Amino acid sequence: MDFFGNTTPGSQMPMQNETYQPTENAAVQEEKKAPQRNPFAIWEVGGETYRLKLQTAGVKELEAKYKGSIMELMSFKGGMPPLTVMLDVAHTAMKPWTHKVSAKDMESLYDKYEQEGGDLLSFFTNVYLEVFLVSGFLSKSVAAEMSESLAEMRKEL
């Protein structure tokens, strides 16, 4: 439509009651489709349920201790991190909700976890990687893909 209200060939004139509805790009639409992440990773051991999620203070603490980015702790040189690192991350993620558990207590908890049938690989997939998923270090769509992969991995264990 030009300045005088005349339409030009091929132009579409909006109906009076229609409103402009901007369209979202594909990335935004995909992000909205992805499921909401869980508020916490859960670790059940010794009849207790522990909530785990990394907060900013904890991330800073871990980065200072390991002298690197928190993302580097997800996997060590493409493999599974040492148990020490996994227990440190789990403890740091647990501290805001479970003050009474010390770093030393984590060793006893892990021993109890193994006595109850847990193992290093299940701790890595069910607890450690879950902490990173729920803590927001991955986009919703990547987290959803990773959750699906972890679910398949758990079936094979």
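Residues numbered from 1 in each chain as written. Predicted model: local features only at pLDDT ≥ 70, side-chain atom pairs only at ≥ 80, totals over all residues. Heavy atoms only, no water.

Asker: Can you explain the overall build of the protein? Please cite residues and give values.
Answerer: Broken down by element type, the protein carries six helices and two strands. Shown N-terminal to C-terminal, the secondary structure of the protein runs as helices and strands in the order α-β-β-α-α-α-α-α. Taken across its 157 residues, the protein has 32% of its residues classed as buried. Considering only contacts within the protein whose residues lie at least 6 apart along the sequence, 63% involve residues at least 24 apart. Of the roughly 10,500 Å² of accessible surface on the protein, a fraction of 52% belongs to carbon and sulfur atoms. (Helix = DSSP H or I, 4+ residues; strand = E, 2+ residues; numbered from the N terminus. Buried < 20%, exposed > 50% of the residue type's maximum accessible area, 1.4 Å probe, protein only. Contact = heavy atoms within 4.5 Å. Areas by Shrake-Rupley, 256 points an atom, 1.4 Å probe, with all protein chains shown as cover.)

Asker: Lay out helix α5 (residues 120-134) in plain terms, naming residues and giving numbers.
Answerer: Between its terminal C-alpha atoms α5 stretches 20 Å, which fits the 21 Å expected from 15 residues at 1.5 Å a residue. Here α5 lies mainly inside the structure; 12 of its 15 residues are buried. Two to three positions downstream of the cap, the backbone nitrogen of Leu-121 sits 3.1 Å from a side-chain oxygen, assigning the N-cap of α5 to Asp-119. (Expected span 1.5 Å × (residues − 1). Polar contact = N/O pair within 3.5 Å; in protein donor to acceptor, adjacent residues only side chain to side chain.)

Asker: I'd like a rundown of a nonpolar patch on the surface, residues and numbers included.
Answerer: A cluster of nonpolar residues, Met-80, Leu-120 and Leu-121, forms a patch on the protein surface that exposes about 220 Å² of accessible area. Positionally, Leu-121 belongs in helix α5. In this structure Leu-121 comes out as partly exposed when scored by relative accessible area, which is 36%. (Patch = residues over 30% accessible without salt bridge, like charges linked within 9 Å, V, L, I, M, F, W, Y side chains within 5 Å. Salt bridge = Lys/Arg side-chain N within 4 Å of Asp/Glu carboxyl O.)

Asker: Please provide a residue-by-residue account of the environment of Lys-95, values included.
Answerer: Relative to the assigned elements, Lys-95 resides in the loop between α3 (83-94) and α4 (103-115). On the basis of relative accessible area, Lys-95 is assigned to the partly exposed category, the value being 28%. Remark: the alpha-carbon pair of Lys-95 and Arg-51, spanning 44 residues in sequence, is separated by 9.1 Å.

Asker: Could you give an account of the pattern of salt bridges, with specific residues and numbers?
Answerer: For the structure shown, the criterion picks out three salt bridges. Between Glu-61 and Lys-95 there is a salt bridge; the shortest N-O distance is 2.9 Å. One end of the pair, Glu-61, is in helix α2 (residues 56-66); the other, Lys-95, is in the loop between α3 and α4, and 34 residues separate them in sequence. Note that Lys-104 and Glu-107 form a salt bridge whose closest N and O atoms lie 3.1 Å from each other. Residue Lys-104 and its partner Glu-107 are located together in helix α4, separated by three residues, close to a single helical turn.

Asker: Please set out the packing of α3 against α4 residue by residue, giving values where relevant.
Answerer: Packed helix pairs are specified by the crossing angle of their axes together with the interaxial distance, meaning the distance between the axes. The geometry of α3 relative to α4 is characterised by a closest axis approach of 10 Å and an angle of 115° between their N-to-C directions. Taken together, the axes of α3 and α4 are roughly perpendicular relative to one another. For the element pair α3 and α4, the recorded crossing hand is right-handed. Contact residues: Leu-83, Leu-87, Ala-90, His-91 and Met-94 in α3; Ala-103, Met-106 and Tyr-110 in α4. Classifying every residue of the contact of α3 with α4 gives seven nonpolar, one polar and no charged. (Axes fitted to C-alpha atoms, helices over the stretch in contact; angles between N-to-C directions. Parallel < 35°, antiparallel > 145°, perpendicular 65-115°, else oblique. Left-handed = near helix turned anticlockwise from the far one by under 90°. Nonpolar A, V, L, I, M, F, W, Y, C, P; charged D, E, K, R; others polar.)

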